[in-house]
Amino acid sequence: MPSRARARAGKPPGRRPASPAPARAANLSPARERALVAVLIAIHVALVVWGIASNSVTFDENFHLPAGVAIVTRHDFSVSLAQPPLVKSLCAMAALAAGAHAPVANPRPANAEYGAGAEFEQLNADRYTRVYDAARLVIAALSVLLALIVWRWSRHLYGARGALLSLAAYAFAPEAIAHAGIVGMDLATALGTTAALYAFWRFARFGEWRWWLLTALATGATLLTRFSAVQLAPAMLILAGFGTATHRMRRPGRVWIGLALIPLTSLVLLNAGYLGQTSFDPLSHWQFRSAVFQSLQRSLPGLRVPIPDDCLLGLDYLSSLQAEGITTTYLFGRITHTTYWYYVPFALLIKWPVGFLGLIAARLGFTAMAPAGPRRSWHDLFLWIPAVTFLLIAMFVAHLDVGIRYVLPALPLLCVWIGGLATLRIAPARRPVFARFRVAALLLIALAAAECVASAPYELSFFNRLAGSHPDRLINDSNVDWGQGLIALRSDMKRLGIRRLYLAYHGTTDPLVYGIDYIPYTGGMPGTGSDWFAVSSFYFVGLAQRMVVPKGRTLELVHFDFHALWDQQPIARPARCMYLFRLR
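Structural notes, computed from the coordinates. Each residue is numbered by its place in its chain's sequence as written, counting from 1. Reporting in this predicted model follows two pLDDT cut-offs: at least 70 for local features of residues, and 80 or more for side-chain atom pairs to be given and counted; totals over whole chains, interfaces and linings ignore these cut-offs and use all residues. To obtain the side-chain values, all non-hydrogen atoms of the structure were used and water was disregarded.

1. A word on the overall build of the protein
Scanning the protein from terminus to terminus reveals 20 helices and 8 strands. For the radius of gyration, the atoms used are the C-alpha atoms, and the globule rule reads 2.2 Å times the number of residues raised to 0.38. For the protein, whose C-alpha radius of gyration is 25 Å, the value lies close to the compact-globule estimate of 25 Å for 584 residues. Dimensions of the protein, computed from the C-alpha atoms along their principal axes, are close to 95 × 65 × 45 Å. Relative accessible area decides the class of each residue, using a 1.4 Å probe on protein chains only: under 20% of the type maximum gives buried, over 50% gives exposed, and in between gives partly exposed. Buried positions account for 57% of the 584 residues belonging to the protein. When the accessible area of the protein is evaluated, it comes to approximately 24500 Å², of which 63% is carbon and sulfur surface. Only four residue types enter the charge count: Lys and Arg as positive, Asp and Glu as negative, with His and the chain ends excluded. Taken as the charge centre is NZ of Lys, CZ of Arg, CG of Asp or CD of Glu, depending on the residue. Treating the 54 positive side-chain charges of the protein as one cloud and the 31 negative ones as another, the clouds have centres 18 Å apart. A helix here means a DSSP run of H or I that spans at least four residues, while a strand means a run of E at least two residues long, and both kinds are numbered starting from the N terminus. Here, Shrake-Rupley sampling with a 1.4 Å probe gives the accessible areas, and only protein chains in the shown set may cover a residue.

Below is the structure:
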């Protein structure tokens, strides 16, 4: 009898709750949908591979890959402490398969990443490009996986057409393409957070333990990719709290139990990722550099934390970098040690394509004119609350005004949400009005794609039209110049018949590896060694950093004043991150 009663009420026993109305997925055959998905992903991969072939090894790549090689070959996690080992190790496996030589154990102090990078560079000079290309392809594969998650999540919410719109928004996102071709943690972190949130959304909907397991595994993997994965915690807690208060979750008790278990599973995975290298020494035995950990040490000297040793040192190092006043900020032509809450929003305004910004605006307008019901709004919150959380943490907590890459995890969530523009679940009488939003969405995605393709293969230094003619004088650092311009500089030298030049290069790879004959520019009037001079945008705007010279890196920070050249027209702009001038 209870089963019959439920059946008469339209709720058959064991039936899952309906999906959140993926509007009108019809009119698009499965074969055509699969073909369009394949085309969009193929274009994305082609743009990524083009960038891999056209951009030199960036600043952080120079030590990320050697650190991964040390982990894989020697189980040594101390080479570079700022990031956990998972993605570095995956990239290292590909590089070793491509013939990379692994340096022997070297008694360097912990976190001597630049020295390790220089040694790896010298040891693999004859195969440097090949091993890095192989490692970069690992990140490209992760980007394909992220694209598929964006498509799948959007399809659950908005149907086949919405999913294709979301996938196109991601496939043509310059920031995603740029970091999909770099041995770095940014794209992988975006993948991990998106996968964890997607699994958590399914777990909150159905309360099934298999989705909790996937949530826990994705969260642990993200934590093994970047320590900033902890920002998933406030987002999930807010979502669970809101779902409980509004009775949107089928099994809230199970969801809260699952959330309580995730710290334990993450700790287990963290120790496994560091191969159990945990000493359990009391805090009084450690030498910390950050004020946060020094304060904790004074308060609880006998505390023994079940965190791997190099992980604990990495957290301390990262905490020291994020202290207010440590990192340099370049904003509106000013160099300060102050961080500004509006840095990230402004950088996004000029770094994301106008078409993509327009899609966000159109989606907001669509939502305002046709408010979703409580059920649909609840599902959209799984996209908005984490995205806003990541943005607020970057604005007010991280104190790292050096690049929008730190909010890259928000990008795929917004791409999924944009797919809602393809839905038309409104009254028939109002459909002609809202059909304009769909037309606008098609035009805006075409604009975003055109902007992206026009910037290829140098998406890392992409700026939209709102940034004006000199965007690198508004913001700089990894937004513009991460040392990726050596291949483009070599091409310009060949085109112009330049055999040798003066060079002020912001990067960690010796330009000689790319066949560039150069004289390091250290200041003053260039001599007679060459009639040509190239300078990285980072130094051109006045930022300071240790500079690569043939014998390593300078011991001190170098700083130049190039204001006299700001009004001069360069002969070329290699990779849009360097300036090439003729002196005589």
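Structure's up, so let's keep going.
2. Considerations on the pattern of salt bridges
For side chains bearing opposite charge, pairing can occur when the charged atoms are close. Should a side-chain nitrogen of Lys or Arg be within 4 Å of a carboxyl oxygen of Asp or Glu, the pair is scored as a salt bridge. Applying the stated criterion across every chain, the model contains 12 salt bridges. Notably, a salt bridge pairs R210 with E208, separated by 3.0 Å at the nearest N-O pair. R210 sits in the partly exposed class, given a relative accessible area of 45%. Taken together, the salt bridges that share partners define one network made up of D60, D186, R226 and R405.

3. So, the layout of surface pockets
Only protein atoms enter the calculation, which uses a 1 Å grid: trapped sets of points that fit a 1.4 Å probe without letting it out are cavities, open sets showing protein on both sides within 12 Å along at least five of seven lines are pockets, and any residue with an atom within 4 Å of a point is a lining residue. Grid points are joined across faces, edges and corners, and a volume is the space filled by probe spheres set on the points. In this structure, the second largest pocket encloses a volume near 500 Å³. Lining the second largest pocket are 18 residues, and of these F462, F463, N464, R465 and R576 sit closest to its centre. At 4 residues, the largest contribution of residues to the lining of the second largest pocket is made by helix 18 (residues 431–455). Of the residues in the lining of the second largest pocket, the class split is 7 nonpolar, 6 polar and 5 charged. For this scheme, ten residues count as nonpolar: Ala, Val, Leu, Ile, Met, Phe, Trp, Tyr, Cys and Pro. Four count as charged, namely Asp, Glu, Lys and Arg, and the remainder, Gly too, count as polar.

4. As for unusual backbone geometry
The residue after A456, namely P457, is reached through a cis peptide bond having omega 0 degrees. Of note, P457 is situated in the loop between helix 18 and helix 19 (486–496). One non-glycine residue, F280, lies in the positive phi region at around 60 degrees. Among the structural elements, F280 can be located in the loop between helix 11 (252–273) and helix 12 (291–299).

5. So, the packing of helix 3 (residues 61–74) against helix 4 (residues 86–97)
Helix packing geometry: the angle between the two helix axes and the distance between the axes. Axis separation between helix 3 and helix 4 bottoms out at 7 Å; the angle between their running directions is 85 degrees. For the element pair helix 3 / helix 4, the angle class is roughly perpendicular. Every residue of helix 4 that contacts helix 3 at H64, L65, A67, G68, V69, I71, V72 and T73 is listed here: K88, S89, C91, A92, M93, A95 and L96. Counted by class, the contact of helix 3 with helix 4 contains 10 nonpolar, 4 polar and 1 charged residues. To define axes, lines are fitted to C-alpha atoms, for helices over the stretch in contact only, and angles between the resulting N-to-C directions are given on a 0 to 180 degree scale. An angle below 35 degrees is treated as roughly parallel, one above 145 as roughly antiparallel, one from 65 to 115 as roughly perpendicular, and anything else as oblique. Contacts are assigned to residue pairs with any non-hydrogen atoms lying within 4.5 Å of each other.

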